[in-house]
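In case you want the letters, here they are:
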Amino acid sequence: GNLRSIIQTDISHGEQTISGVFQREYSLAGVRGTFGFLLTLDTLFAELKGLTIGGAFSTGSSLSSKQRTIVTPANSLLDSTIEKEGFGSYPSMIRLGIASRLGDRYRIEADITGQDFSTATVYSQTSSFTGDPNLSASTRYSLGFERLPIMGEESKGLSFWDKVGIRFGASYATLPFLPPDLTKPSDPTAKTKVNEMSFSTGLGIPMNLESILDFSATLQLISTVPSSWF
């Protein structure tokens, strides 16, 4: 992937001075493995019919990171590009979930995801680094409910709303970002957590025997602790 930032500078050395543009790009590359399992519990115990558990683990990855700095002064003919090879790190991730089938059409799911960004970094000039102090561990809890759409021969003779699939979901997460704590201006090292709450809904409308037209909407609320949600 790539990251890019642009900063415009205005150095006032006279009325004829024109602002220059400073750009920095990071080109990142890495490889990691993902391993998972899915277990239908009624294959072990008949009493657990419709219950499924699953999990996935993605390994951490060392990144090859290239920092590219582009400086555009007032005279664009004098553009200069500086490239530096570096190192980066992306953290491992673990996810666990459980799903239950309610009858032939309804399903409820819940999962938890954890990832520790405190050891992650986009760019470091040396291979030895301790991570970014502005990042921390992140955890997300999710819950979803779904009514599956009815398609094919089973949908014949049913009304529109009887065939439509409906989804509802909600999640709560502590994000990995650690911005300065504005309630403690005298302490420059004080950090605050960032939380996210989201709600989603969707419709799956069968169009024919094999196709579905899908609509979805998501509302996200983000807050810093102890500020209110916004």
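For the structure, check the block above.
Source: prediction; values computed, not measured. (Residues numbered from 1 in each chain as written. Predicted model: local features only at pLDDT ≥ 70, side-chain atom pairs only at ≥ 80, totals over all residues. Heavy atoms only, no water.)

A. Layout of the sheet that holds strand E12 (residues 194–206). Taken in spatial order, the eight strands line up as E3-E4-E7-E8-E10-E11-E12-E13 in an open sheet, and their pairing is antiparallel. Whereas interior strands pair on both sides, the edge strands pair on one side only; in this sheet they are strand E3 (34–40) and strand E13 (212–224). Neighbour-to-neighbour, the strand axes of the sheet open up by a mean angle of 10 degrees, direction not taken into account. Bridging between strand E4 (residues 51–58) and strand E7 (residues 93–102) involves eight bridges; their strand directions are antiparallel. If you follow glycine 54 over to E7, its bridge partner there is glycine 97. (Pairing = 2+ DSSP bridges. Helix = DSSP H or I, 4+ residues; strand = E, 2+ residues; numbered from the N terminus. Axes fitted to C-alpha atoms, helices over the stretch in contact; angles between N-to-C directions.)

B. Seen up close, a nonpolar patch on the surface. On the surface, Phe35, Phe37, Leu39, Leu44, Phe45, Leu48, Phe57, Ile94, Leu96, Ile112, Tyr141 and Tyr172 cluster together into a nonpolar patch covering about 1100 Å² of accessible area. Mapped onto the nonpolar patch, the elements with two or more residues apiece are E3 and E7. Checked against the element boundaries, isoleucine 112 lands in strand E8 (residues 106–116). (Patch = residues over 30% accessible without salt bridge, like charges linked within 9 Å, V, L, I, M, F, W, Y side chains within 5 Å. Areas by Shrake-Rupley, 256 points an atom, 1.4 Å probe, with all protein chains shown as cover. Salt bridge = Lys/Arg side-chain N within 4 Å of Asp/Glu carboxyl O.)

C. Fine view of the pattern of salt bridges. Tallied over the entire structure, the rule returns eight salt bridges. The salt bridge involving glutamate 83 is made with arginine 68; its shortest N-O contact spans 2.8 Å. One end of the pair, glutamate 83, is in strand E6 (residues 80–90); the other, arginine 68, is in strand E5 (residues 61–72), with 15 residues separating them in the sequence. For glutamate 83, a relative accessible area of 44% puts it in the partly exposed group. (Buried < 20%, exposed > 50% of the residue type's maximum accessible area, 1.4 Å probe, protein only.)

D. Main features of the environment of glutamate 153. Secondary-structure assignment places glutamate 153 in the loop between strand E10 (137–147) and helix H1 (160–163). Take glutamate 153: its relative accessible area is 55%, and that puts it in the exposed class. The spatial distance from the C-alpha of glutamate 153 to the C-alpha of leucine 209 is 7.5 Å, given a sequence separation of 56 residues.

E. Main features of the environment of serine 136. Assignment of secondary structure puts serine 136 in the loop between strand E9 (121–124) and E10. Considered as a pair, serine 136 and leucine 175 are 39 residues apart in the sequence and their alpha carbons are 8.0 Å apart. Beyond its immediate chain neighbours, meaning those up to four positions away, serine 136 contacts Gln115, Asp116, Phe117, Ser118, Leu175, Pro176, Leu178 and Lys193. For serine 136, the side chain forms a polar contact with the side chain of lysine 193, separated by 3.2 Å. (Contact = heavy atoms within 4.5 Å. Polar contact = N/O pair within 3.5 Å; in protein donor to acceptor, adjacent residues only side chain to side chain.)

F. Local environment of the side chain of arginine 147. Note that arginine 147 resides in strand E10. Here arginine 147 sits buried without a salt bridge, and the closest side chain of opposite charge, aspartate 162, lies 5.3 Å off (N-O distance). Reaching out from arginine 147, the side chain makes a polar contact with the backbone oxygen of tryptophan 161 at a distance of 2.5 Å. A polar atom in the side chain of arginine 147 sits 2.7 Å from the backbone oxygen of valine 164. Ignoring sequence-local partners within four residues, the contact set of arginine 147 consists of Arg105, Tyr106, Trp161, Asp162, Val164, Gly165 and Ile166. (Lys, Arg positive; Asp, Glu negative; His and termini not counted.)

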